[in-house]
Amino acid sequence: MMPKLTGAGCSAAIALALLCGCTDVPAGTQPEAAKTKDSGTAEQASAENELFIYTVWPAFYAKEDIFEKQIGSWIRKKFPDIKVKHVHWDNPGRQYKDLIAAGTIPDIIMDNTRMNAYRYLIANDLQYDISPLVKKYNFDTGTLNPAYMAQLRSISPEGQLYGLPFTNSDFVLFYNKDIFDKFGVDYPKNGMTYDEFYELAKKLTRVEGEITYKGYSQNPGHYLNYNQLSLSPLSQAEDKANMRDPGWTKAVDNLRRFYEIPANQFDTVEKFPEGNIAMAVATVDRIATFHEQNKNLNFDIVSVPSFADAPNTSYQPNLYSMFITKQSAKKDLAFQVMASLLSEEHQTELSREGVIGPLQSRTVQEAFGQNLPQMRGRNTGAVFASRNAMPPAARAEGLLWYDVPLHNVFAPLIFKESKDSVTAVRMIEEQSTKAIQEMKAASK
């Protein structure tokens, strides 16, 4: 199936402005709310046939050739009468505040949903409920990943829909076949639990002379930020952190035991290509990266471990979405372009390049990685073997967003300071609440 789009078609495509910037958005600070109004400021900065797309995430859209390959060429083919001005986030000069100060509000913004939709889109009064456009063009959101849609709807306490999902940077478990063969251990399979992987990790963690084989590695920050238990570190009703749910201790203890296996201390999953790590959880794009770093590495992938009481459940979405701004004078065109990017035809093209999209289509999933020689022969079905955990519910309106430093639970509190799990979680909660109160006081 594919999203259905009917209604007046618009011809448009892309003559890309070669305006790109750097890669990431700094975390931590709350931007000043911009003094924007429903006034067509975007129109002032663009010609009648120009659509302004601003990309923040994915970071690789800083490279114009990647934007062109994944977005620009498609829009040019389907909408041949429309120019697209593309600007990528950069520091300094191309941040949200810079575009707003210049009166050049984009028509479409592409950004990380969990991290930036609330603290940038809403904080700067750029959000626009696209629900009327979904209805007007009979766009079927039911064909899209439900966890992705839930994350988008969780931005608004009233369930308004401010955008559509575009891509997800998801996780899989990598395993080194040679280490498994060396120690006579059966390869892992899709759908295994943390308990099962823990038993494998104990068997595969060995010290032989000067070589240490680590059984299991996973980034604790990613594990907690996108946790499979649908936990939020922020209070749903107040400007403070709230990590009192016993699920937080459960999640921390679950991963902690892996790093308490003698000789399996956490280092970094980035060392998987060196050949001494038996299993590592990392993002899907590492299939190509790890292969390039060590072409002799004999590895494959399976779905990530799941909790026994939440089987076949992977992480919450690490989602990049497309948002139409309140100030855009070209909302209909912007929506039609977004819907076209989510067509089965285009999503299949992206899937062949190893991009995980929101369309729940067998055709799209079976095409995954077909154009990438690094993925041939791999168990690419693992990418879609589990369902994403649902994100937490929306928080109350008007609350500050704060990126709780969940990675600090393990480093330094557990790894360096040997805190027990309950204490480590409580300390992060207290530190975060203090930081939120300081942000709130500064905003006044």
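Keep in mind it's a predicted model, so treat the numbers as computed, not measured.

About the cut-offs
Residues numbered from 1 in each chain as written. Predicted model: local features only at pLDDT ≥ 70, side-chain atom pairs only at ≥ 80, totals over all residues. Heavy atoms only, no water. Phe/Tyr/Trp six-rings, centres within 6.5 Å; stacked < 30°, edge-to-face > 60°. Helix = DSSP H or I, 4+ residues; strand = E, 2+ residues; numbered from the N terminus. Buried < 20%, exposed > 50% of the residue type's maximum accessible area, 1.4 Å probe, protein only. Lys NZ or Arg CZ within 6 Å of the ring centre and 35° of its normal. Pairing = 2+ DSSP bridges. Right-handed = clockwise from strand over helix to strand, strands pointing away. Axes fitted to C-alpha atoms, helices over the stretch in contact; angles between N-to-C directions. Contact = heavy atoms within 4.5 Å. Salt bridge = Lys/Arg side-chain N within 4 Å of Asp/Glu carboxyl O. pLDDT = per-residue confidence, 0-100. Core = buried A, V, L, I, M, F, W, Y, C linked by side-chain atoms within 4.5 Å. Lys, Arg positive; Asp, Glu negative; His and termini not counted. Polar contact = N/O pair within 3.5 Å; in protein donor to acceptor, adjacent residues only side chain to side chain.

Q: Run through the packing of aromatic side chains, naming residues and quoting values.
A: A complete count under the given rule lists 28 aromatic pairs for this structure. Considering the side-chain rings of Tyr194 and Phe258, the 6.4 Å spacing of their centres and the 70° angle between planes classify their relative orientation as edge-to-face. Placement of Tyr194 in helix α8 (residues 194–204) and of Phe258 in helix α10 (residues 246–259) is noted, with a sequence separation of 64 residues between them. This pair shows no difference in class: Tyr194 is buried, exactly as Phe258 is. A centroid spacing of 5.4 Å and a plane angle of 50° characterise the contact between Phe410 and Phe415, whose relative ring orientation is tilted. For Phe410, a relative accessible area of 0% translates into the label buried. Three or more aromatic residues joined by ring pairs make a cluster, and in this case those are Tyr194, Tyr198, Tyr216, Tyr223, Phe258 and Phe307. Between the NZ or CZ atom of Arg206 and the centre of the ring of Phe183, over which it lies, the distance is 4.2 Å. For Arg257, the ring lying beneath its charged end belongs to Tyr198, and the centroid distance is 4.8 Å.

Q: Any chance you could break down the pairing of strand β2 (residues 83–88) for me, citing the residues and the numbers?
A: With five of its six residues buried, β2 lies for the most part within the structure. Sheet topology places strand β1 (residues 50–55) next to β2; six bridges connect them, and they run parallel. When the bridges of β2 are listed, Thr55 appears paired with His88. Read from β1 through helix α2 (residues 64–78) to β2, the crossover connection turns out right-handed.

Q: Lay out the sheet that holds β2 in plain terms, naming residues and giving numbers.
A: Strand order in the open sheet made by the five strands is β2-β1-β3-β12-β4, with mixed pairing throughout. A strand with exactly one partner marks an edge of an open sheet, and here the two such strands are β2 and β4 (163–168). Across the sheet, the mean angle separating the axes of adjacent strands is 20° when strand polarity is ignored. Of the strand pairs in this sheet, β4 and strand β12 (residues 319–324) are connected by five bridges, and their pairing is antiparallel. When the bridges of β12 are listed, Leu164 appears paired with Met322. Helix-sheet contacts for helix α4 (residues 113–122) involve β3 (108–112) and β12, and the interaxial angle to β3 is about 130°.

Q: Give a description of the environment of Ile100 that names residues and reports values.
A: If you trace the backbone, Ile100 turns up in helix α3 (residues 96–101). For Ile100, a relative accessible area of 16% corresponds to the buried category. Residues Ile100 and Asn124, 24 residues apart in the sequence, show an inter-C-alpha distance of 8.7 Å.

Q: How would you summarise unusual backbone geometry if you had to cite specific residues and measurements?
A: With an omega dihedral of -5°, the bond running from Trp57 to Pro58 counts as a cis peptide bond. Its location among the elements puts Pro58 in the loop between β1 and α2. Pro412 follows Ala411 through a cis peptide bond whose omega is 20°. With respect to the helices, strands and loops of the structure, Pro412 is situated in helix α15 (residues 410–414). Despite not being glycine, Asp125 has its phi angle at roughly 55°, a positive value. In this structure Asp125 comes out as partly exposed when scored by relative accessible area, which is 25%.

Q: Any chance you could break down the pattern of salt bridges for me, citing the residues and the numbers?
A: Following the criterion strictly, the structure yields 21 salt bridges and no others. A salt bridge links Asp309 to Lys250; the shortest N-O distance between them is 2.6 Å. Within this pair, whereas Asp309 is found in the loop between β10 (299–302) and β11 (313–314), its partner Lys250 is found in helix α10, the two being separated by 59 residues in sequence. Residue Lys250 is classed as partly exposed on the basis of its relative accessible area of 34%. A salt bridge links Arg256 to Glu260; its shortest N-O distance comes to 2.9 Å. Here the salt bridges do not stand alone but share partners, grouping Lys77, Lys78, Glu345 and Glu349 into one network.

Q: Give a description of the confidence of the model for the protein chain that names residues and reports values.
A: Scored by pLDDT, the protein chain comes out at a mean of 89, with 90% of its residues at no less than 70. The model gives residues 1–46 a pLDDT under 50, and that stretch makes 167 contacts with residues more than four places away or in other chains.

Q: Which residues make up the nonpolar core, and what values go with them?
A: Proteins that are soluble and globular tend to have nonpolar side chains buried together. Counting residues in each nonpolar core, the largest one holds 134 residues, and the members touching the most others are Tyr216, Met279 and Phe335. Excluding residues that lie within four positions of it along the chain, Met279 makes contacts with Leu173, Phe174, Tyr175, Phe180, Phe197, Leu200, Ala201, Leu204, Lys214, Gly215, Tyr216 and Ser217.

Q: Go over the environment of Thr193, please, and point to the residues and values.
A: Locating Thr193 in the fold gives a position in the loop between α7 (177–182) and α8. Along the sequence, Thr193 and Thr313 sit 120 residues apart, while their C-alpha atoms lie 9.7 Å from each other.

Q: Tell me about the sheet that holds β10, residues and numbers included.
A: The four strands lie next to each other as β8-β9-β5-β10, forming an open sheet whose pairing is mixed. With partners counted over all chains shown, the strands left at the sheet margins are β8 (217–218) and β10, one partner each. For β8 and strand β9 (residues 279–283), the ladder comprises two bridges, and the chain directions are parallel. Bridged to Ser217 within β9 is Ala280.

Q: Can you tell me about the side chain of Asp107, naming the residues and giving the values?
A: Tracing the backbone shows Asp107 in the loop between α3 and β3. Despite its burial, Asp107 pairs with no opposite charge; the closest candidate is Lys330, at 4.9 Å N-O. One polar contact links the side chain of Asp107 to the main-chain amide nitrogen of Phe52, over a distance of 2.8 Å.

Q: I'd love a proper account of the environment of Lys203, names of residues and values included.
A: By the secondary structure assignment, Lys203 is in helix α8. Taking relative accessible area as the criterion, Lys203 reaches 48% and is therefore assigned partly exposed. Taking the C-alpha atoms as reference points, Lys203 and Gly215, twelve residues apart in sequence, are found 7.4 Å from one another.

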